[in-house]
Amino acid sequence: MIELLQLPFMQRALIACLVLGVLLAYLGIFVTLRKMAFFSDGVAHAALAGAAIGLLTRFSPLISALIFSMLLACLIYWLEKKSSLSSDAIIGILFTSGMALGIVLISLRKGYQPELLGYLFGNILAIRRQDLALIVILAILIMAFIIRHKRKLTLLALDREMAYMAGVNPDFYQLLIYVMLACALVLGIRVMGVILVSAILIVPVSTARLFSRSFKTLTIWTAVIAESVMIGGLLLSYYLNLPSGAVIVLVGSTVFSLTFIAHSLRRQRRQKRQSPTN
Amino acid sequence: MPPVLEVKDLTVRFAGCTALEGVSFTIEKNAIIAVIGPNGSGKTTLLKAILGLVPFQGEIRLFSKPLRQVLPQVGYVPQRFAFDSTFPLTVEEFINLTCRTPEKLPLGGVLDEVGMKGFKGKLIGELSGGQLQRVLLAHALVHRPRILFLDEATSGIDIEGLSDFYSTIQRLNREHGVTVMMVSHEISMVYKFTDRIICLNRDLISHGETRTALTREVLKKLYGDSADLRNHSHD
């Protein structure tokens, strides 16, 4: 284990997992409350086009994917406001088009394309020093903003009218959530891949919701579960020599399934105790 | 004394459809006003226009100012609060979300006022319809608003709870001087508990003191021939 921690790529991957785990899981609370899972999935998939543009132009794929995804988030927001199309239709069209564009652009490069698999399913070997610096800086900035504006973001996720009545500008904060979410998802792509990254938004919070009895405990447990799943999955993927993103998601879904079974059994026992005996 | 609320020539249109046309009225301080009318008559639209939640033509002034400037003095209880009931949020956490400062609000008093003392730690999703409406009322009252808007706030409350809810509103109005404007379908409760009424059917049918403005003719105009005042005289 100590030997493992001495490997530079593993150190970078562990730091990335620690930072991304808490960021994505915390954003996941707002995503599930506001029912934005499809938006998250769509933006993450479409980010492949941004990464492909970076690869083709020899610019940083991470930065180009960040810019592309944030612009896409703004475009989705604008179309939702200005067109009569449903949000699902807008995201569905943009996400498939973005992903298709990414595959076509990567295919334009000659020869075998190992990057494609890395972007699709995550590759911890691909996290470079400068990528890690960007991940840490942006994650801290987004987390600081979320913590500072937690009340406004929660209120908006609960009810738009109520947020407006409490003095929150719903349009401004909605756009900010979209952009922050797009940014956080792209940061997670190096570890999880575009296909699987949104799992960390959904799985930890869904697990914590099964037993949390307040928003405060939900927040704490979501972060704890996300960190455990990310670190546990990463280490397991190293020992099993399997793709990191896929193993992290499988660890997460196993934790969710076990919690769900335990929660259901406990609820059944409680109902039995409460029901009158004949 | 200037009126609390002035509405002049208010018109609201949605995609070519007119929801309200040329509505004008004023509301005086400390009154309880009911907005009545059949389904689709523009009652909720009127409230939403006053609160700036829908675009409108005309002029609306609250405490002689545009709404944005006086928003902290306004409380609002929506018709329904459609949130994910499995989300773990306690009553205390929910009410504190409206807090504009980092300090927590003293909730005991406001929960007691709406008859929800002891419910601070309960999950919002585990409350009954009536209890949730009372929590929404507490949520709207926590900043001690000068005017309170209720949009069919009694829709989830059973018949036994109705009178209690209206009594609470009346007490808040009498003891704290809160002006109340409510959209309601319960004509008998309106007759018993409100001072003034606004009768709407896309345009203003009548408005004035409840006992004089709520006539058989007005009710027939609003709800058709089957409506009469028999149910309203049991106070």
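Every value quoted in this text rests on a predicted model; they were computed, and no experiment measured them.

J.: Explain the overall build of chain B to me, and be specific about the residues and the numbers.
T.: Helices and strands together make up the secondary structure of chain B, namely nine helices and nine strands. By the compact-globule yardstick of 18 Å for 235 residues, chain B fits well, its C-alpha radius of gyration being 18 Å. Expressed as lengths along the three principal axes of its C-alpha atoms, the size of chain B is roughly 50 × 40 × 40 Å. Residues classed as buried in chain B amount to 40% of the 235 residues present.

J.: Please set out unusual backbone geometry residue by residue, giving values where relevant.
T.: With a phi angle near 60°, Arg58 of chain A is a residue other than glycine that sits in the positive phi range. In this fold, Arg58 of chain A is placed in the loop between helix H3 (37–57) and helix H4 (61–82). Among the residues examined, Arg58 of chain A registers 7 C-beta atoms within 10 Å and is labelled exposed. Of note, the phi angle at Asp9 of chain B is positive, near 50°, even though the residue is not glycine.

J.: Any chance you could break down the packing of H4 of chain A against helix H5 (residues 87–107) of chain A for me, citing the residues and the numbers?
T.: All names here are of chain A. Look at H4 against H5: their axes get within 10 Å of each other, and the N-to-C directions meet at 150°. Comparing their axes, H5 and H4 come out roughly antiparallel. For the pair H4 and H5, the sense of crossing is right-handed. Between H4 and H5, the residues in contact are Leu72, Leu75, Ile76, Leu79 and Glu80 and Ser87, Ile90, Ile91, Leu94 and Gly98, respectively.

J.: Pulling in residues and values, what's your account of the nonpolar core?
T.: All names here are of chain A. Within the largest apolar cluster, 164 residues are counted, with the highest numbers of intra-cluster contacts made by Leu20, Ala47 and Leu181. If you tally residues by element for this core, the top one is helix H2 (residues 8–33), at 15 residues. Those residues in contact with Leu181 that lie beyond four places of it in its chain are Leu27, Val31, Ser40, Val43 and Ala73.

J.: So what's going on with the sheet that holds strand S4 (residues 57–62) of chain B? Which residues, and what values?
T.: Residues and elements named next belong to chain B. Across the sheet, three strands lie side by side as S2-S1-S4; this open sheet has antiparallel pairing. Two strands close off the open sheet at either side, each with one partner strand: strand S2 (17–27) and S4. The sheet shows a mean angle of 20° between the axes of neighbouring strands, taken without regard to direction. As paired strands, strand S1 (residues 5–14) and S2 are joined by seven bridges and run antiparallel to one another. When the sheet's bridge partners are listed, Val7 is paired in S2 with Phe25. Contacts from helix H1 (residues 43–50) reach S1, S2 and S4, with the element oriented near 115° to S1.

J.: Describe the environment of Leu18 of chain A, naming the residues involved and giving the relevant values.
T.: Residues and elements named next belong to chain A. Among the structural elements, Leu18 can be located in helix H2. Taking the C-beta count within 10 Å as the criterion, Leu18 has 17 such neighbours and is therefore assigned partly exposed. Residues Leu18 and Ala223, spaced 205 residues apart in sequence, show a C-alpha to C-alpha distance of 9.9 Å.

J.: Provide a residue-level description of the interface of chain B and chain A, including the pertinent values.
T.: At the junction of the two partners, chain B supplies 19 residues and chain A supplies 17 residues. Partitioned by chemical class, the residues of the side of chain B that touches chain A number 13 nonpolar, three polar and three charged.

J.: If you had to explain the pairing of strand S9 (residues 203–209) of chain B to someone new, which residues and values would you point to?
T.: All names here are of chain B. As paired strands, strand S8 (residues 196–201) and S9 are joined by six bridges and run antiparallel to one another. The residue of S9 that forms the bridge with Leu200 is Leu204. With antiparallel pairing between neighbouring strands as the criterion, S8 and S9 make up a hairpin whose turn holds one residue, including Arg202 at a positive phi of roughly 75°.

J.: Outline H1 of chain B, listing residues and values.
T.: Residue and element names in this part refer to chain B. When you tally the buried positions in H1, you get seven out of eight residues, the bulk of the element. Here H1 has its buried residues at Lys43, Thr45, Leu46, Leu47, Lys48, Ala49 and Ile50. Looking one or two residues past H1, Gly52 carries a phi angle of roughly 75°, positive in sign.

J.: I'd love a proper account of the environment of Ala82 of chain B, names of residues and values included.
T.: You can see Ala82 of chain B is positioned in the loop between strand S5 (74–77) and helix H3 (91–96). In this structure, the C-alpha to C-alpha distance between Ala82 of chain B and Lys65 of chain B, residues 17 residues apart in sequence, is 31 Å.

J.: I'd like a description of H5 of chain A, backed by residues and values.
T.: Residue and element names in this part refer to chain A. With 21 residues, H5 extends 30 Å from end C-alpha to end C-alpha; this agrees with the ideal 30 Å at 1.5 Å per step. Looking at H5, one finds that the buried residues are Ile91, Leu94, Phe95, Gly98, Met99, Gly102 and Ile106. For H5, the arc enclosing every buried residue in end-on projection is 125°, short of the 170-degree limit, so these residues lie on one face. Projecting away from the buried face of H5 at angles above 90 degrees are the exposed residues Ala89, Val104 and Ser107. The inward-facing, buried residues of H5 contact H3, H4 and helix H6 (114–121).

Definitions and limits used
Residues numbered from 1 in each chain as written. Chains lettered and ligands numbered in written order. Predicted model: local features only at pLDDT ≥ 70, side-chain atom pairs only at ≥ 80, totals over all residues. Helix = DSSP H or I, 4+ residues; strand = E, 2+ residues; numbered from the N terminus. Rg over C-alpha atoms; globule rule 2.2 N^0.38 Å. Buried ≥ 20, exposed ≤ 12 C-beta atoms within 10 Å, placed from the backbone. Axes fitted to C-alpha atoms, helices over the stretch in contact; angles between N-to-C directions. Parallel < 35°, antiparallel > 145°, perpendicular 65-115°, else oblique. Left-handed = near helix turned anticlockwise from the far one by under 90°. Contact = placed C-beta atoms within 7 Å. Core = buried A, V, L, I, M, F, W, Y, C linked by C-beta atoms within 7 Å. Pairing = 2+ DSSP bridges. Nonpolar A, V, L, I, M, F, W, Y, C, P; charged D, E, K, R; others polar. Expected span 1.5 Å × (residues − 1). Arc of directions from axis to C-beta.

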